[in-house]
Amino acid sequence: MQSPLDKLTPEQISRKARVVAVITALALGLGYVSDFLTPVSSGIGAFLLTCSILLAAPRQRATELLGAVAVWLCFAEFLSTIDSGEFQIWRLSVAVATLGVAMAVLRVQHLRTLMRTSPGTVVADLDRRTVGGIGVLPRSDAQLAELRGEEATSY
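Right, let's walk through the structure included here. Just so you know, these numbers come straight off a predicted model, no measurement behind them.

1. Side note on the nonpolar core
Of all hydrophobic cores here, the largest spans 12 residues; its members are Ala21, Leu28, Tyr32, Leu37, Ala46, Leu49, Leu66, Val69, Leu73, Ala76, Ala95 and Leu99. Residue assignment for this core shows that the elements contributing at least two residues are helix H1 (10-33), helix H2 (39-56), helix H3 (62-84) and helix H4 (89-117). Dropping the residues within four chain positions of it, alanine 21 is found in contact with Leu49, Ser52 and Ile53.

Shown next as C-alpha cells:
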C-alpha cells in the first residue's frame with residue numbers, strides 16, 4: 001500500500017511551504033495588530049513561519065532567512081505597539097528565542113555534516129566563502145608568501 005507522501009516531490013513541498021509561509025506571516029501579522037497573540041502562540045507561529053520559510057527557499061542561506069523572520073517579527077511587534085500603546089517584551093522575546101533554537105539546530109546539523117565530510121580539518125580552515133579555492137577575502141601577505149614557498153617578511 002502506497003502512502004500519499006510517496007508521490008510527493010521536493011518541488012511540491014517547496015511550493016506548498018511558500019503558501020504556508022505567506023498564510024502564517026499574514027496570520028501572525030493579524031494576531032500582532034489585533035493583540036490576540038500570547039507569548040506561547042507567537043512562539044508557535046514563529047516556529048511554523050521559520051520551518052515553512054526554510055522549506056520555501058532552499059537555495060537561500062538559512063541564517064539570512066532567520067534574520068529576515070526576526071526583522072519581520074520585530075516590525076510586527078512595533079506595529080502592535082503603535083496600535084495598542086503597549087510593548088509586550090515577553091511576546092517578542094519568546095518569538096526571537098524560538099528563532100534562536102532553530103538556529104542552534106541548524107548549526108548542529110552543519111557541524112554534523114562537517115564531521116562526516118572533513119573530520120580531521122581544523123574548523124578555521126573550513127572557510128565557506130571560497131569558491132574553487134578562490135577566496136572572497138583578499139589573501140594576506142603571510143598567506144601569499146606561504147603559497148610562494150617563501151618566508152613572510154615582517155615590518
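2. What to know about a nonpolar patch on the surface
A contiguous nonpolar surface patch, about 360 Å² in accessible area, is contributed by Leu5, Leu8, Ile13 and Leu55. Within the fold, leucine 5 resides in the segment before H1. On the basis of relative accessibility, which here comes to 64%, the residue leucine 5 falls in the exposed class.

3. Topic: the packing of aromatic side chains
For the structure on display, the rule yields 1 aromatic pair. Seen from their ring centres, phenylalanine 78 and phenylalanine 87 are 5.5 Å apart, and the 15 degrees between their planes marks the pair as stacked.

4. A closer look at H4
The first and last C-alpha atoms of H4 sit 42 Å apart over 29 residues, in line with the 42 Å expected at 1.5 Å per residue. For H4, the complete set of buried residues consists of Arg91, Leu92, Ala95, Thr98, Leu99, Ala102 and Leu114. Buried residues belonging to H4 abut H1, H2 and H3.

Reading the values: the criteria
Residues numbered from 1 in each chain as written. Predicted model: local features only at pLDDT ≥ 70, side-chain atom pairs only at ≥ 80, totals over all residues. Heavy atoms only, no water. Core = buried A, V, L, I, M, F, W, Y, C linked by side-chain atoms within 4.5 Å. Buried < 20%, exposed > 50% of the residue type's maximum accessible area, 1.4 Å probe, protein only. Helix = DSSP H or I, 4+ residues; strand = E, 2+ residues; numbered from the N terminus. Contact = heavy atoms within 4.5 Å. Patch = residues over 30% accessible without salt bridge, like charges linked within 9 Å, V, L, I, M, F, W, Y side chains within 5 Å. Areas by Shrake-Rupley, 256 points an atom, 1.4 Å probe, with all protein chains shown as cover. Salt bridge = Lys/Arg side-chain N within 4 Å of Asp/Glu carboxyl O. Phe/Tyr/Trp six-rings, centres within 6.5 Å; stacked < 30°, edge-to-face > 60°. Expected span 1.5 Å × (residues − 1).

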